[in-house]
Amino acid sequence: MSSRRLVTLSVNGREHEFDVLVHRPLLEVLREDLGLTGAKECCAVGECGACTVLVDGLTVNSCLMLAVEADNRQITTIEGLTPGESLSPLQDSFLAHGAVQCGFCIPGMIVSAQFLLDSNPSPTASEINEGLAGNLCRCGGYKRMLRAVEAITEPEA
Amino acid sequence: MNAGSVGTGVPRVGGRERVNGSQQFLADIRLEDMLHVKLVTLDVACARIDSIDTSIAVHLPGVACIVTPADLPQPMPRFGPVYRDRPFLADGATTYHGEPVCAVVAESRDMAEAAAEAVLVGYTEVPGVFTIDAALAQDAPLVQSPSLRPDDPLARSNVLRERRYEWGAIDETDTTVVDHVYSFPMVTHFAIEPHGAIAHADDDGLTIWSPVQHPYLLQRTISDLFEQPLARVRVLAPDPGGAFGGKQNPKFEPLLTWIALKTGRPCRLILTLEETFQAVRRTSCSIHVRSGFRANGELVFHDVESDFLVGAYADIAERVVAKANYLACGPYRTPNARIVARAIFSNTTPSCAFRGFGTPQVAWAIESQMDAASRLLQLDGLEIRRANLARFGEDVVPGDVPADGEWQQSLDRAAEMIGWGRPPLEGRGRGIAVAIKAGATTGLSQATVRLLFDGSVIVYAGTSDMGQGARTIFAQIAADEFGVTVNDVSVVSGDTAIVPFDLQTSASRSTVFMGNAILAACEDVHRQLRSLAAEITGLEAADVEIKGGQVHVKGEQHSIATVLERGLGRLRGELVGNGTVRRADDPDHPLGGAPAFYEFNCTAFEVSVDGETGEVLIHRHVTVGDVGRALNPLQVTMQDEGAAIMGLGHSLMEQLLLDDRGRIRNLGALDYRIPTTKDMPLELESEVIENGDGPGPRGSKGVSEGAILCTAPALAAAVADATGVVIRDLPLTPERVWSALKAGVAR
């Protein structure tokens, strides 16, 4: 059927082939077909950031990207940012700083923060603020999230 | 033994799952053979439904069935936490924008959505009431049929209930009178996890998965509606991804259960964020206050007329109105008061509990009155509050629970933190406000504690962990009672088939009510441990003491694990204890019971205002809570900071806007703004006062709502201080502030 297409998604380093409906969002494929439920759905219009993942190293609202657009691209989800049984320094820092309340926004928030740190290991306070501005947290945990990120930035050389 | 975890900031229990993405929220649950439900709604508030044509939709791919009102039992069953007025589906007419008309059930969400669009609903729009004035007009259409309130003299009006609280006598002689009207907008909870539920019926009975705050109320509701014994209704409550009061009471679970019974398959409904906006909101209001003060700032009276616009169904909104207005006069010695509070139905989203439970609304009015008086009397905002704040043991509402904290300590500390008294920089202004909220008035929490053979502990507590970190506190309490670390304790909740009864997760009650129930259950286990130790040693149980998680027998100290090993022997086993905390109804009390504690907060701001744009820049935002004892200081601060940020939402930017036909014009995240990192104050500091004067474990009180209670009046006072412009309608959007500045300049 013309409304379907074969795609290859490389998710967290593993390749998956799918015959997907062309209108299916990447988020849905990640959550429903791959069982990677770390990325969350809230607003479905790209405003809340709960569904944030990395595509070719850039943050993307996976509710807005179609699975077919991600064909042959490298996708990293929160599951892929978690090193095995342990936690990443950023994840540890979120817990240590009390940045986690209900937790629903946290996977997306951590993906955004990790992207920020990967692209700019020594961000200023306002760069961190800017970097997390696309992720909504209704528990209002922003101050602790900003601190959690700040705590693991590399000092400016 | 460890040094004790209570009083330390141990990281959140369940934190690891939340940072690595493995925490299972409702929408992450996959069941075999699950059907997906989509509700059909109309882009209209009030409409008589003339026809529902499903003939096309029902034949679309994947559609299992379409449930219309005609399929449901007649008269349509209704439910609600106080008033049983909410039908499963719109009953002949929609009464608010987004009220579901029918439900499409299909093999996938996509299929359900496609079919929902193909359902043809014939309807005739009819007049509705969307504002307080319209609802109270002489010939206003009635939101609810009088038949729903058969013995109620108000049934032929849109007034759901009027409450009157009165003491002393209002006498304006020798007083300076301030008289103003304040408005508070409709705002929505916007939990990042949209609402939803799953229902399934099988030979074991009914199972409902719902991230509710009150699993046991949902269990009772389903049991009543479907005439099933409680034991055959199991509610599994995954931790909510934010709730804030919006997830207290059943909404669509009864309909889902009915569909699950009909289809014999698990049925899931996940609302979109837009649909969630149409399911819950905070009660908006208009409050007219006339207040009298002596020249020295002494408060003589408040005369309050409080009109709260509730939605088309009562939900818990009348209780919000009753409870908040009972303490409308705030944490002050108020010698004379008259409070008339009305809950008024309207054809809008049913309003319900929302963090603060009506107190942010009344505090907006009363605290702004205090500032209005201070300006007239040439006092400052701190002085007038100091002069009137109730001291420990003094009455707030005469005859009721007196002030239960040294509240002036919080006031003074916040003043110090904001630099009160030192002149602010050019262009900046400061404001300060205080508020109290009544803690839970009645309650019943039961807990079970199992002390396992190796000394580790399982706590069963039916409180929903919705971000406040209840599980962490419970683990800390139990850990200290048995001399283990938090990692040796697991807390089980969210399953009515396993975990004993808890009335609800609301009103910042859980640390006090469930905390004490857990302590009682631990004490029950301690009693058994003492007997065991006595048996082993041949002494009396009275000779055994359990202290700091150690067993003390006549000067000798043993670890609990040793006593268990020797006492329980080769067959092992465990000790099981139960604890109950009951705060019974008091039928003579206006609220059905006196508050178990007051949640007191003081908030202060330093701001400047951009004269060109009307934008408020917050230089510093401080809150101080009177918490009794912070069992986990980190979590208390997290709650306070979070409540403070949420308070900035309704103070600065949030409001649901309706058109003149009652339709919400800013549905969803694109058009409805909540605070982001960019809205953060430049500095946000939160502190607590700890005097151990609360009724909870170690003298704690509830804390999760304090810092949202008086955000708005403190902020508006700071804006007034900076600009000379006083605004009495929330939110203080740039547009509103700019307009007020222009009007002020023109004057």
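Residues numbered from 1 in each chain as written. Chains lettered and ligands numbered in written order. Predicted model: local features only at pLDDT ≥ 70, side-chain atom pairs only at ≥ 80, totals over all residues. Heavy atoms only, no water.

J.: Help me get a handle on empty space enclosed by the protein, residues and values and all.
T.: All names here are of chain B. Applying the stated criterion across every chain yields a total of 13 cavities of 30 Å³ or more. What the largest cavity holds in volume is close to 140 Å³. Around the largest cavity sit 15 residues that line it, and His195, Gly196, Ser210, Lys251 and Glu253 are the ones nearest its centre. A per-class count over the lining of the largest cavity returns seven nonpolar, five polar and three charged. (1 Å grid on protein atoms, 1.4 Å probe; cavity = no way out; pocket = protein on both sides within 12 Å on 5 of 7 lines; lining within 4 Å. Points joined across faces, edges and corners; volume = space filled by probe spheres on them. Nonpolar A, V, L, I, M, F, W, Y, C, P; charged D, E, K, R; others polar.)

J.: Describe the domain arrangement of chain A, naming the residues involved and giving the relevant values.
T.: All names here are of chain A. You can read the domains of chain A as domain 1 (4–80) and domain 2 (89–151). Counting residues at the interface gives 14 residues for domain 1, matched by eleven residues for domain 2. For the interface between domain 1 and domain 2, the tally reads zero salt bridges. Summed over the shared surface of domain 1 and domain 2, the result is three residue pairs in polar contact (both at pLDDT 80 or more). If one sorts the elements of the side of domain 1 that touches domain 2 by residue count, strand β3 (residues 52–55) sits on top with three residues. (Domains from an automatic or database assignment. Contact = heavy atoms within 4.5 Å. Salt bridge = Lys/Arg side-chain N within 4 Å of Asp/Glu carboxyl O. Polar contact = N/O pair within 3.5 Å; in protein donor to acceptor, adjacent residues only side chain to side chain. Helix = DSSP H or I, 4+ residues; strand = E, 2+ residues; numbered from the N terminus.)

J.: Give me the domain arrangement of chain B: which residues, what numbers.
T.: Residues and elements named next belong to chain B. Partitioning chain B into domains gives domain 1 (15–22 + 443–583), domain 2 (31–126 + 195–270) and domain 3 (284–440 + 590–743). Relative to domain 2, the C-alpha centre of domain 1 lies at a distance of 39 Å. Between domain 1 and domain 2, the contact holds 19 residues from the first and 16 residues from the second. Taken over both partners, the interface formed by domain 1 and domain 2 buries close to 1400 Å², and the fraction arising from carbon and sulfur atoms is 48%. Of all residues in domain 1, Met466, Gly494 and Thr496 bury the most surface against domain 2, accounting for 40% of the area lost on that side. Where domain 1 meets domain 2, there are three salt bridges. (Buried area = accessible area lost by both parts, 1.4 Å probe.)

J.: Report on helix α7 (residues 317–326) of chain B, specifying residues and quantitative values.
T.: Residues and elements named next belong to chain B. With respect to burial, α7 is a largely interior element, nine of its ten residues being buried. Inspection of α7 places Ala317, Glu318, Val320, Val321, Ala322, Lys323, Ala324, Asn325 and Tyr326 among the buried residues, and these make up the whole buried set. Here the buried face of α7 lies against β9 (159–167), β16 (299–309), β17 (336–344), α8 (359–376) and β18 (428–438). (Buried < 20%, exposed > 50% of the residue type's maximum accessible area, 1.4 Å probe, protein only.)

J.: Pulling in residues and values, what's your account of the pattern of salt bridges?
T.: One pass over the structure, following the stated rule, counts 58 salt bridges over all chains. The residue Asp626 of chain B makes a salt bridge to Lys701 of chain B at a minimum N-O spacing of 2.5 Å. With a gap of 75 residues between them, Asp626 of chain B in strand β27 (residues 616–626) and Lys701 of chain B in the loop between β28 (684–689) and α15 (711–723) connect regions that are remote in the sequence. Comparing Asp626 of chain B with Lys701 of chain B shows no difference in burial state: the two are buried. Through salt bridges that share partners, Arg24, Glu28, Glu32, Asp33 and Glu41 of chain A together with Arg109 of chain B make up one connected network.

J.: Run through the nonpolar core, naming residues and quoting values.
T.: A general tendency of soluble globular proteins is for nonpolar side chains to be buried together. Ranked by internal contacts, the top residues of the largest apolar core, which has 155 residues, are Phe94, Met145 and Val149 of chain A together with Phe190, Trp407, Val616 and Leu732 of chain B. With eight residues, the single largest contributor to this core is α8 of chain B. The residues touching Val616 of chain B, leaving out its near neighbours within four places in the chain, are Val607, Ser608, Val609, Leu652, Leu715, Val719 and Val737 of chain B. With 46 residues, the next largest nonpolar core counts Val459, Phe474, Ile477 and Leu575 of chain B among its residues. (Core = buried A, V, L, I, M, F, W, Y, C linked by side-chain atoms within 4.5 Å.)

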